[in-house]
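# Architecture at a glance
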Amino acid sequence: MVEPANTVGIPVNHMPQLKDELDIVIPTIRNLDFLEMWRPFLQPYHLIIVQDGDPSKTIAVPEGFDYELYNRNDINRILGPKASCISFKDSACRCFGYMVSKKKYIFTIDDDCFVAKDPSGKAVNALEQHIKNLLCPSSPFFFNTLYDPYREGADFVRGYPFSLREGVSTAVSHGLWLNIPDYDAPTQLVKPKERNTRYVDAVMTIPKGTLFPMCGMNLAFDRELIGPAMYFGLMGDGQPIGRYDDMWAGWCVKVICDHLGLGVKTGLPYIYHSKASNPFVNLKKEYKGIFWQEDIIPFFQSAKLSKEAVTVQQCYMELSKMVKEKLSVIDPYFDKLADAMVTWIEAWDELNPPTKA
């Protein structure tokens, strides 16, 4: 049986990497008691808490953490009419935190994610590993069979082209989970007691041209490289679909990273996912997406961006036009989603005006 790590007695690191260059974004509807477990690793960093649901509810945050908290009233006040692009009653609201951050890097984590243990029993500092992933290059153009060649103790294997060994900048670090796997509702129903106990000590670059199902509960990214594409879509209240927010962002991000020559890594770090969500509730949220994804994924697999699209914003605006043209025939929802993608970019640029050369 897998259990979370005990972090009591682990001292807080007061000289952590990227302390002034990284924000931690947490979407929540409840008190953040889980941060006590993360205190040794996360306390030195600035938190952006995005409160979903009832804005009149008070969210308690443990003492000693530096944070700013935004509820729905704040989102409406800051974005005005453009607040319509931020989901309500869904963890997709977290992307508002990406928008208001002014830091280079983002780490986002769910409030039911605890500190994991590695096979030796040591507590895993997930953020430290994400930072390692982001600060090392990626190798998307040729697969290295020893996985990440930039890790200590590894290298490029025989036959790997020397011209590609410099690698490219890493835009995304996608972490995994012990205990409760990130399954869809049908799989949850078939395997209600399945738990992930396998700790695979590996990090790898997802090859160019390969999509993946991105999970937002243990994720870090370079906001300056890919931030405007990290839009988690329209989900939750008033929408016909849920639980596809992070995957939608991941498909958009991967297409844009491939186009711009950026890397996406997956594997370490692990967190301990403590709580299984209700599969019947999940099925109600997912059932349209389960059908739609059979068209959505080929759409992204065939999406080609123009040579004129040289910024993330330009790429994203081109994608939004493609969504409107090709996916709105599936359901009118995609017409609304395409408009929201445009609104998101407009709001992003308003809060993050381009720096003049």
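One can find the structure itself at the top, above this paragraph.
Here the structure is a predicted model, which means the values were calculated and not measured. (Residues numbered from 1 in each chain as written. Predicted model: local features only at pLDDT ≥ 70, side-chain atom pairs only at ≥ 80, totals over all residues. Heavy atoms only, no water.)

Check the secondary structure of the protein chain and you find 10 helices and 9 strands. Against the 2.2 N^0.38 benchmark of 21 Å for 357 residues, the protein chain shows a C-alpha radius of gyration of 20 Å, consistent with a compact globule. Across its three principal axes, the protein chain shows a C-alpha extent of roughly 60 × 55 × 50 Å. Taking all 357 residues of the protein chain together, the buried fraction comes to 53%. Contacts in the protein chain between residues far apart in sequence, at least 24 positions, make up 76% of those at least 6 positions apart. Side chains of the protein chain carry 38 positive and 44 negative charges; the gap between the two charge centres is 2 Å. (Helix = DSSP H or I, 4+ residues; strand = E, 2+ residues; numbered from the N terminus. Rg over C-alpha atoms; globule rule 2.2 N^0.38 Å. Buried < 20%, exposed > 50% of the residue type's maximum accessible area, 1.4 Å probe, protein only. Contact = heavy atoms within 4.5 Å. Lys, Arg positive; Asp, Glu negative; His and termini not counted. Charge placed at Lys NZ, Arg CZ, Asp CG, Glu CD.)

In terms of burial, strand β4 (residues 105-109) is a largely internal element, 5 of the 5 residues being buried. Here β4 shows two buried faces, one formed by Y105, F107 and I109 and the other by I106 and T108. Looking at chain direction, strand β1 (residues 22-28) and β4 are connected through 4 bridges and run parallel. Bridging across to β4, I24 finds its partner in F107. In terms of strand pairing, β4 meets strand β8 (residues 218-222) through 5 bridges, oriented antiparallel. Within β8, the position partnered with T108 by the bridge is L219. (Pairing = 2+ DSSP bridges.)

Taken as a whole, this structure holds 17 aromatic pairs when the rule is applied. Arranged with centres 4.9 Å apart and planes meeting at 20°, the rings of Y231 and W344 form a pair that is stacked. Taken together, the residues span a long stretch of sequence, with Y231 in the loop between α6 (223-226) and α7 (245-260) and W344 in helix α10 (residues 333-351) at a distance of 113 residues. Exposure remark for W344: the relative accessible area of 0% places this residue in the buried category. When the centroid spacing of 5.9 Å and the interplanar angle of 40° are considered together, the rings of W251 and F300 count as tilted. Taken as a pair, W251 in helix α7 and F300 in helix α8 (residues 279-302) lie far apart in primary sequence, 49 residues in all. Pair check on accessibility: W251 and F300 agree, each one buried. (Phe/Tyr/Trp six-rings, centres within 6.5 Å; stacked < 30°, edge-to-face > 60°.)

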